[in-house]
Amino acid sequence: MAEEDRVSWQELDAELAATPGIVSAYVARLDRPPTYVRLPRQRHYAASTMKVAVLAALYRAAEAGTIDLDAPVPVRNTFDSALPGAAAFGCARDYDNDPTVWERLGGQASLRWLARRMITRSSNLATNLVLGHVGLPAVAEVWRRVGAQHSVTARGIEDFAARDAGLDNLVTAADLAALLGAIATNRLATPATCADMLEVLLAQQRREDLPAGLPPGTRIAHKNGWVRGVRHAAGVVFPDDAPPYAVVVCTSADPAAGDRDAAACQLIARVSRTAWLARHDLAPN
């Protein structure tokens, strides 16, 4: 990426404003006011970015001694709905991103292994299994502790009865930056526990959005999420020559407009590249 590729924040903002749908963004050094924001408190359907809060709830419970990350748990596909009185639900195998977890259906796996598949391969089945052990209140506590003002994890993946009743998973760019920043700066748990969470996020295998805007080999702890009409990516970048920084982009468009996922990935990579080029002077705006 040559310096002549540098784009001003004003030009980037104009590009995001012209993008169909709603685009939110947040770029900041950790524990500092942001350099660039666009609609940072706009609520978006969370897609799989909510899995970072589930990961944090799990590791905090392990730190507290209420969960053993390495104890085997049953791998099943039946879950209680978040809507009282609703029937149990399950995940659709062909809608998941990780067949490896499904190969253990009827057997056992450790919560540590399931949490890793939840993040690195974005497994929906693994997410619901982990969520079933930590509980929604523990995830809500994670959001509260990082100061999230608008984000909520109200149900499991594919809990359609709860969704149809208005219980949904929502995030904002600012809240996702706060969550990842709290992990990266050891404010959500002990340094050892936060380092363990970061290690999982650094192992992310889906790299078609934020990492695509970075030089090969750049360390980034991140999670993305996507459904038709939605593509989000949130991460902390660790340059060798500058302090770490958070970069979050949330995009939501009308699903009826067609599949725009490739274009959304390119847009997110564009924001990521711009933040990278500005990494030495990420000061508050």
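Preceding this paragraph is the structure being described.
Described below are features of the structure shown in this document. Since the model is a prediction, treat every value here as computed from it, not as a measurement.

Some details on the packing of aromatic side chains
Two aromatic rings, taken as a pair, are described by how far apart their centres are and by the angle between their planes.
Reasoning step 1: Within this structure, the stated rule accounts for two aromatic pairs.
Reasoning step 2: Geometrically, the ring pair formed by Trp9 and Tyr36 is stacked, given 5.2 Å between the ring centres and 10° between the ring planes. Note that Trp9 is positioned in helix 1 (residues 9–17) and Tyr36 in strand 2 (residues 36–38), a separation of 27 residues in sequence. Taken as a pair, Trp9 and Tyr36 share a single burial class, namely buried.
Reasoning step 3: The interplanar angle of 45° and the centroid separation of 5.8 Å between the aromatic rings of Phe79 and Phe89 together place this pair among those described as tilted. Here Phe89 lies in the loop between strand 4 (72–74) and helix 3 (99–102) and Phe79 lies in the loop between strand 4 and helix 3, a separation of ten residues in the sequence. For the pair shown, Phe79 and Phe89 are each scored as buried.
Reasoning step 4: One residue, Arg104, lies across the ring of Trp113, its end atom 3.8 Å from the ring centre.
Reasoning step 5: Against the face of Trp276 rests Arg279, its NZ or CZ located 4.0 Å from the ring centre.

Some words on unusual backbone geometry
Reasoning step 1: Phi at Leu39 takes a positive value of approximately 45°, unusual for a residue other than glycine.
Reasoning step 2: With respect to the secondary-structure elements, Leu39 resides in the loop between strand 2 and strand 3 (44–45).
Reasoning step 3: Exposure remark for Leu39: the relative accessible area of 39% places this residue in the partly exposed category.
Reasoning step 4: In the Ramachandran plot, Glu158 falls in the positive-phi region, its phi being about 70° despite a non-glycine side chain.
Reasoning step 5: Of note, Glu158 is situated in the loop between helix 6 (136–145) and helix 7 (160–164).
Reasoning step 6: For Glu158, a relative accessible area of 8% translates into the label buried.

Digging into the side chain of Lys51
Reasoning step 1: By the element assignment, Lys51 lies in helix 2 (residues 51–64).
Reasoning step 2: In this structure Lys51 is buried but unpaired, with Asp96 as the nearest side chain of opposite charge at 6.0 Å.
Reasoning step 3: Non-local contacts of Lys51, meaning those with residues more than four positions away in its chain, are made with Met118, Ile119, Ser122, Ser123, Asn124, Thr127, Ile157 and Lys223.

Overview of the side chain of Arg38
Reasoning step 1: Looking at the element boundaries, Arg38 is found in strand 2.
Reasoning step 2: You can call Arg38 buried: its relative accessible area is 19%.
Reasoning step 3: Of the polar contacts made by the side chain of Arg38, one reaches the backbone oxygen of Val23; its length is 3.5 Å.
Reasoning step 4: Residues within four places of Arg38 in sequence aside, it is in contact with Asp13, Leu16, Ala17, Val23, Ser24 and Ala25.

Some points on the environment of Cys250
Reasoning step 1: Secondary-structure assignment places Cys250 in strand 9 (residues 245–252).
Reasoning step 2: A relative accessible area of 0% places Cys250 in the buried class.
Reasoning step 3: Through-space distance from the C-alpha of Cys250 to that of Val230 is 7.8 Å; in sequence the pair is 20 residues apart.
Reasoning step 4: For Cys250, the contacting residues outside a window of four places in its chain are Ile22, Val23, Ser24, His44, Ala173, Leu176, Arg231 and His232.

Looking at helix 2
For the α-helix, the turn length of 3.6 residues means that residues three or four positions removed from each other point alike.
Reasoning step 1: Across its 14 residues, helix 2 extends 20 Å between first and last C-alpha, which sits within 8% of the 20 Å expected from 1.5 Å per residue.
Reasoning step 2: Within helix 2, ten of the 14 residues are buried, which leaves it mostly tucked inside the rest of the structure.
Reasoning step 3: Tucked into the core, helix 2 has its buried residues touching helix 4 (111–120), helix 5 (124–134), helix 6, helix 8 (173–184), helix 9 (191–202) and strand 7 (219–227).
Reasoning step 4: One or two steps after helix 2, the chain reaches Gly65, where phi turns positive at roughly 85°.

Points about the state of the cysteines
Reasoning step 1: Tallied over the entire structure, the rule returns zero disulfides.
Reasoning step 2: Counting only cysteine sulfurs, Cys250 is the nearest neighbor of Cys265, a cysteine outside any disulfide, at a range of 13 Å.

Things to note about helix 6
Reasoning step 1: Buried residues of helix 6: Val139, Val142 and Trp143, and no others. The buried residues of helix 6 occupy an angular sector of 95° when the element is viewed end-on, so they sit on one face. Opposite the buried face of helix 6, by more than 90 degrees, sit the exposed residues Pro137 and Arg144.
Reasoning step 2: Two residues or fewer after helix 6 comes Gly147, characterised by a positive phi angle close to 80°.

Parameters and conventions
Residues numbered from 1 in each chain as written. Predicted model: local features only at pLDDT ≥ 70, side-chain atom pairs only at ≥ 80, totals over all residues. Heavy atoms only, no water. Phe/Tyr/Trp six-rings, centres within 6.5 Å; stacked < 30°, edge-to-face > 60°. Helix = DSSP H or I, 4+ residues; strand = E, 2+ residues; numbered from the N terminus. Buried < 20%, exposed > 50% of the residue type's maximum accessible area, 1.4 Å probe, protein only. Lys NZ or Arg CZ within 6 Å of the ring centre and 35° of its normal. Lys, Arg positive; Asp, Glu negative; His and termini not counted. Salt bridge = Lys/Arg side-chain N within 4 Å of Asp/Glu carboxyl O. Contact = heavy atoms within 4.5 Å. Polar contact = N/O pair within 3.5 Å; in protein donor to acceptor, adjacent residues only side chain to side chain. Expected span 1.5 Å × (residues − 1). Disulfide = S-S within 2.5 Å. Arc of directions from axis to C-beta.

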